[in-house]
Amino acid sequence: MEQEALTGDALARACAQAMFARDRAAQSLGITIEEAREGYARLAMTIREDMLSGHGIIHGGMTFTLADTAFAYACNSRNVPHVALSVTISFTAPGNLGETLVAEAVEVVSKARTGLYDITVRSSTGTLIGTFRGTCYRIRGTVLP
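Because the structure is predicted, anything quoted here is derived from the model rather than measured.

The rules behind these values
Residues numbered from 1 in each chain as written. Predicted model: local features only at pLDDT ≥ 70, side-chain atom pairs only at ≥ 80, totals over all residues. Heavy atoms only, no water. Helix = DSSP H or I, 4+ residues; strand = E, 2+ residues; numbered from the N terminus. Rg over C-alpha atoms; globule rule 2.2 N^0.38 Å. Contact = heavy atoms within 4.5 Å. Areas by Shrake-Rupley, 256 points an atom, 1.4 Å probe, with all protein chains shown as cover. Lys, Arg positive; Asp, Glu negative; His and termini not counted. Charge placed at Lys NZ, Arg CZ, Asp CG, Glu CD. Phe/Tyr/Trp six-rings, centres within 6.5 Å; stacked < 30°, edge-to-face > 60°. Lys NZ or Arg CZ within 6 Å of the ring centre and 35° of its normal. Disulfide = S-S within 2.5 Å. Buried < 20%, exposed > 50% of the residue type's maximum accessible area, 1.4 Å probe, protein only. Polar contact = N/O pair within 3.5 Å; in protein donor to acceptor, adjacent residues only side chain to side chain. Salt bridge = Lys/Arg side-chain N within 4 Å of Asp/Glu carboxyl O.

(A) Quick peek at the overall build of the chain. Of the regular secondary structure elements, the chain holds three helices and six strands. For the chain, the sequential pattern of α-helices and β-strands runs α-α-β-β-α-β-β-β-β. Here the chain has a C-alpha radius of gyration of 15 Å; the compact-globule value for 145 residues is 15 Å, and the two agree. Reported as C-alpha extents along the three principal axes, the dimensions of the chain are approximately 55 × 30 × 25 Å. Considering only intrachain contacts with a sequence separation of at least 6, the fraction spanning at least 24 residues in the chain is 64%. Within the structure as shown, the chain displays about 7,800 Å² of accessible surface, and the carbon and sulfur contribution to it stands at 53%. Put simply, the chain has 13 plus and 14 minus side-chain charges, and the middle of one group is 7 Å from the middle of the other.

As structure tokens, then:
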């Protein structure tokens, strides 16, 4: 009996899990998938000592990576592969050692070859750490084999 094709949020979860299995950067940073739905992803990461900048707060590149990973999982949620075309980030507060950051990516619009996503990064206490806006571009292939 042939397995039923995945659709909607089940497809999004399968895509996120497949991407994570190949995403060595996310794995090395301890990023976890909290939720994945069609056009949406929420990921978490706890700030470790090796993620701190010379100011003793989270390095901006680490915050960017968490937001960018949530962006990737959200825009690839329909098994149609996309890569970042353009992104901007604004840092609004520092993240501190031991805090857990949560990045939430929400689809604004998805058209034929591009999509626009807004990502917020918050601390476990709800403090806004940064806002990220990403435009993605469709490439060939599929996310799932």
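(B) Geometry of the packing of aromatic side chains. Within this structure, the stated rule accounts for three aromatic pairs. Three or more aromatic residues joined by ring pairs form one cluster here, namely Phe64, Phe71, Tyr117 and Phe132. Over the ring of Tyr40 we find Arg37; its NZ or CZ atom is 3.9 Å from the centre of that ring.

(C) Focus on the state of the cysteines. Taken as a whole and judged by the stated rule, the model has zero disulfides. Free of any disulfide, Cys15 has its nearest cysteine sulfur in Cys75, 11 Å distant. Of all cysteine sulfurs, the one in Cys136 lies closest to Cys75, which takes part in no disulfide; the gap is 4.0 Å. Looking at Cys75, the relative accessible area reads 5%, which means it is buried.

(D) Looking closely at unusual backbone geometry. Notably, Asn79 is not glycine yet its phi reads approximately 65°, a positive angle. Judged by its relative accessible area of 19%, Asn79 is buried.

(E) Region of interest: the environment of Arg22. Inspection of the secondary structure assignment puts Arg22 in helix H1 (residues 8-22). Sequence separation of Arg22 and Val109 is 87 residues, and the distance between their C-alpha atoms is 26 Å. With near-sequence residues (within four places) excluded, Arg22 lies in contact with Gln27 and Val143. Side-chain polar atoms of Arg22 contact the backbone oxygen of Val143, separated by 3.2 Å.

(F) Representation of the pattern of salt bridges within the structure. Summed over the entire model, instances satisfying the criterion amount to seven salt bridges. For the salt bridge of Asp50 with Arg48, the shortest nitrogen-to-oxygen distance reads 2.9 Å. Looking at Asp50, the relative accessible area reads 54%, which means it is exposed. For Arg48, a relative accessible area of 30% corresponds to the partly exposed category. Taken together, the salt bridges that share partners define one network made up of Glu34, Glu35, Arg37 and Arg42.

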